[in-house]
Amino acid sequence: MFLSKKAILDGVSLEGDVAVLGPSSVGRGTTLGAYSVIGYPIYGKIKSLSKKDMSSYDEVSEGAKIGSNCFIRSHTVIYERVVIGDGVQTGHAVLIREDTEIGEGTVVGTHAIVDGRVTIGREVSIQSGTYIPPESRIGSRVFLAPFVVITNDKYPASNRLLGVTIEDGAVIGANSILISGITVGEGAVVASGAVVTRDVPPNKVVLGVPAKVVMDREEYERKKGDYEMDGR
Amino acid sequence: MFLSKKAILDGVSLEGDVAVLGPSSVGRGTTLGAYSVIGYPIYGKIKSLSKKDMSSYDEVSEGAKIGSNCFIRSHTVIYERVVIGDGVQTGHAVLIREDTEIGEGTVVGTHAIVDGRVTIGREVSIQSGTYIPPESRIGSRVFLAPFVVITNDKYPASNRLLGVTIEDGAVIGANSILISGITVGEGAVVASGAVVTRDVPPNKVVLGVPAKVVMDREEYERKKGDYEMDGR
Amino acid sequence: MFLSKKAILDGVSLEGDVAVLGPSSVGRGTTLGAYSVIGYPIYGKIKSLSKKDMSSYDEVSEGAKIGSNCFIRSHTVIYERVVIGDGVQTGHAVLIREDTEIGEGTVVGTHAIVDGRVTIGREVSIQSGTYIPPESRIGSRVFLAPFVVITNDKYPASNRLLGVTIEDGAVIGANSILISGITVGEGAVVASGAVVTRDVPPNKVVLGVPAKVVMDREEYERKKGDYEMDGR
């Protein structure tokens, strides 16, 4: 257990062994899971430290800011300069790297990786195992199914990072791949397993390798309605 | 270390720091890995607790039941109301959520996620990184290669979950995707990278995006035999 | 915290709670992350132990060898008989199993799994979530994007393992699948989402399901140059 003297932890529950580093601020009603680390400093700072332990990290960490009534599950690592809104939940063993913003009510699933310099809106659902690299921009009320892989370099390993943008209300299917630089428009849907190599227009549904438009969101919603009815 | 007074842990080995919550029962000869949590309560119970720590969780957890001679590796989280048969092994950092049943001799690989309300038979091999969502039904002697992704909603994010069924003896290839609602028949084979959008008849082999039948299991077994011979 | 009396740990930093087992040797300037385990023994040895805890493991472990100035991040497990060169970094929650060699300056990303009996060269970049099974051979200066899945059995579950070989300077795209037995030639490129079922000749670029040659590395480098220029 390492709790920084600089950290604000009023009304916070600690499940078990936890490290909170630097001037981290965690809101009331938030729970920090066992074996988690909050406010972990970036490597650029750590590498010059003569001793690498929680006390030394604490001196250089700028801390993370986590809202109230959040639930950060066990084995999660959140880097410094992450800002998380109220009511956010993470699954187990999540990684959220530096300079990331996550809006209120968003869920980041088990084993998901948010690899730094990412903006995520409100009430987004990021399911298990999804990978979100630096420079990604995700709107609000987006749904990312399990094991979506987003990329940020069209010609790896180049010296240019070019992020993916996902606009509000889009739905991204399981284990699909979004290629560097594309935009998934507002309300668009990407089918499971698709490889998306071009922009997806708003409210269109794409499918396949490479992904092509197969219907409108309106038709998708009709099919979804029928599917939901069949289940009653 | 937190060991519930309600837990039955006779003849159990603890690798290192472990939490065992509620009336969990773990069989003789079983090992619990370091940094693991057993009997973790569902969120519906946790959210109403005034304090969120292992002691409070212990009061509300219904515990997990783990058989004898199991090996639960480090950083694993097993929720309450999970029932695991004798001789089961998990890899490292596995998540098994509530109301899941796992039969004797099954292996759940490193980083695999069994996301609750799942039934898995005996002697199943679930390789690393595989994702199994709620409502999945997996028979016995099934082989799931690494990073298989199973889904449970045909039109995400709908209000209806519709599980995948995998019958006895089926083989599911690496990084393939099984779409919500399908059944993979007894002894069927799904090739690596396939996206399975329809039922796979028993003893058929499917391949591609979307997956199509390419041969019978019998032919697959002949090819497998030749491949094995070539290796001698 | 468990530090073997047999281990050599001069000039090593320990971030937090760590276990180091057997005659492990860790070089000066190396950091071991919190909640990590180094020198974990193979199951074949553990299963015959009457008690399974760090002290008993310590007696049977042959230790791991980690070079100097490495950075092993939190929640990582490294098995015995792993040999890691100087300046290697791992992300969080990495698994590196037994009899693996990793060359100097290589990076193994968060949640990556190196599943034992693997050889990896120098200055390789293995991104997050990538899966590398036993018998894989990876050259130097290779780039593996996030969530690459490599397989080692052409007809699972057979009794023959047949590894993939990736030669020097190859680039493997995100969430692609490399099928058992293939060789990716020197300087070849595999596009994101490809399923590679045959050998890829040196300096060729392949794409699709199944993957086919679409251009030379030379053309790829021209496109990469243009892409980099566009970003300025």
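Fair warning: this is a prediction, and the values are worked out from it, not measured in the lab. (Residues numbered from 1 in each chain as written. Chains lettered and ligands numbered in written order. Predicted model: local features only at pLDDT ≥ 70, side-chain atom pairs only at ≥ 80, totals over all residues.)

### Some points on the overall build of chain A
Reasoning step 1: For chain A, the count of helices and strands is three helices and 29 strands.
Reasoning step 2: Over its C-alpha atoms chain A spans a radius of gyration of 19 Å, differing by no more than 12% from the 17 Å that the globule rule assigns to 232 residues.
Reasoning step 3: Projected onto the principal axes, the alpha-carbon positions of chain A cover approximately 55 × 50 × 20 Å.
Reasoning step 4: Burial status across chain A gives 64% buried among its 232 residues.
Reasoning step 5: In chain A, once contacts between residues fewer than 6 apart in sequence are set aside, the share between residues at least 24 apart is 26%. (Helix = DSSP H or I, 4+ residues; strand = E, 2+ residues; numbered from the N terminus. Rg over C-alpha atoms; globule rule 2.2 N^0.38 Å. Buried ≥ 20, exposed ≤ 12 C-beta atoms within 10 Å, placed from the backbone. Contact = placed C-beta atoms within 7 Å.)

### Comments concerning the interface of chain B and chain A
Reasoning step 1: On the side of chain A, 34 residues touch chain B, which itself brings 29 residues to the contact.
Reasoning step 2: Looking at the side of chain B that touches chain A residue by residue, the class counts come to 18 nonpolar, five polar and six charged. (Nonpolar A, V, L, I, M, F, W, Y, C, P; charged D, E, K, R; others polar.)

### Digging into the sheet that holds strand 7 (residues 65–66) of chain B
All names here are of chain B.
Reasoning step 1: Taken in spatial order, the eight strands line up as 4-7-10-13-16-19-22-25 in an open sheet, and their pairing is parallel. Sheet topology places strand 4 (25–26) and strand 25 (183–184) at the edges, where each strand pairs with a single neighbour.
Reasoning step 2: Bridge count between strand 10 (residues 83–84) and strand 13 (residues 101–102): two bridges; the pairing is parallel. Looking across to strand 13, one finds that Ile84 is bridged to Ile102. (Pairing = 2+ DSSP bridges.)

### A look at the interface of chain C and chain B
Interfaces are often sized by the amount of accessible area the parts lose when they come together.
Reasoning step 1: Taken together, the contact between chain C and chain B spans 29 residues of the former and 34 residues of the latter.
Reasoning step 2: Looking at the side of chain C that touches chain B residue by residue, the classes come out as 18 nonpolar, five polar and six charged.

### Examining the domain arrangement of chain A
Residue and element names in this part refer to chain A.
Reasoning step 1: When cut into domains, chain A gives domain 1 (1–114) and domain 2 (130–232).
Reasoning step 2: With centres defined by C-alpha atoms, the gap from domain 1 to domain 2 works out at 29 Å.
Reasoning step 3: In this assembly, five residues from domain 1 lie in contact with four residues from domain 2.
Reasoning step 4: Partitioned by chemical class, the residues of the side of domain 1 that touches domain 2 number three nonpolar, two polar and no charged. (Domains from an automatic or database assignment.)

### A few points about the relation of the copies chain C and chain B
Reasoning step 1: Each copy of the sequence occupies a distinct position, and chain C is placed on chain B by a rotation of 120° and an axial shift of 0.0 Å, giving an RMSD of 0.0 Å. When the rotation and shift are considered jointly, the pair of chain copies conforms to a three-fold rotation axis.
Reasoning step 2: Looking at the interface residues of chain C, only 17% of them are also at the interface in chain B, so each copy uses its own face. (Least-squares fit on C-alpha atoms with pLDDT ≥ 70 in both.)

### Thoughts on the relation of the copies chain B and chain A
Reasoning step 1: Of the transformation superimposing chain B on chain A, the axial component is 0.0 Å and the angular component is 120°, with the fit at an RMSD of 0.0 Å.
Reasoning step 2: The overlap is low: 17% of the interface residues of chain B also sit at the interface in chain A, so different surfaces are used on the two sides.

### Brief notes about the sheet that holds strand 26 (residues 189–190) of chain B
Residues and elements named next belong to chain B.
Reasoning step 1: With respect to topology, 11 strands assemble into an open sheet ordered 2-5-8-11-14-17-20-23-26-28-29, the strand pairing being mixed. On the outer flanks of this sheet lie strand 2 (13–14) and strand 29 (212–216), each paired with one strand and no other.
Reasoning step 2: Note that strand 20 (residues 143–144) and strand 23 (residues 171–172) share two bridges and pair parallel. If you follow Phe143 over to strand 23, its bridge partner there is Val171.
Reasoning step 3: Contacts between helix 3 (residues 217–230) and the sheet are confined to strand 26, strand 28 (204–207) and strand 29, with strand 29 contributing the most and set at about 65° to the helix. (Axes fitted to C-alpha atoms, helices over the stretch in contact; angles between N-to-C directions.)

### Points about helix 3 (residues 217–230) of chain C
Residues and elements named next belong to chain C.
Reasoning step 1: Between its first and last C-alpha atoms helix 3 spans 20 Å; for 14 residues at 1.5 Å apiece the expected length is 20 Å, and the two agree.
Reasoning step 2: Looking only at helix 3, the buried set comprises Arg217, Tyr220 and Lys224. Buried residues of helix 3 fall within an arc of 55° about the axis and therefore sit on the same side. Pointing more than 90 degrees away from the buried face of helix 3 are the exposed residues Glu218, Glu219, Gly225, Asp226, Met229 and Asp230. (Expected span 1.5 Å × (residues − 1). Arc of directions from axis to C-beta.)

### Some details on the environment of Thr183 of chain A
Residues and elements named next belong to chain A.
Reasoning step 1: Note that Thr183 resides in strand 25 (residues 183–184).
Reasoning step 2: Judged by the 20 C-beta atoms lying within 10 Å of it, Thr183 is buried.
Reasoning step 3: The contacts of Thr183, once residues within four sequence positions are left out, are Thr165, Glu167 and Asp199.

### Examining the pairing of strand 6 (residues 36–40) of chain A
All names here are of chain A.
Reasoning step 1: Across the five residues that make up strand 6, a large majority, five, are buried.
Reasoning step 2: In this structure, strand 3 (residues 18–20) lies alongside strand 6, joined through three bridges in parallel fashion. If you follow Val20 over to strand 6, its bridge partner there is Ile38.
Reasoning step 3: Note: strand 6 against strand 9 (residues 77–79), three bridges, orientation parallel. By the bridge assignment, Tyr40 is partnered in strand 9 with Tyr79.

### Some points on unusual backbone geometry
Reasoning step 1: Cis rather than trans, the peptide bond between Pro156 of chain A and Ala157 of chain A has omega equal to -10°.
Reasoning step 2: Locating Ala157 of chain A in the fold gives a position in the loop between strand 21 (149–150) and strand 22 (165–166).
Reasoning step 3: Residues Val209 of chain C and Pro210 of chain C are joined by a peptide bond in cis, for which omega reads -5°.
Reasoning step 4: Structurally, Pro210 of chain C can be placed in the loop between strand 28 (204–207) and strand 29 (212–216).
Reasoning step 5: Positive phi, normally seen in glycine, also occurs at Ala93 of chain A, with a value near 55°.

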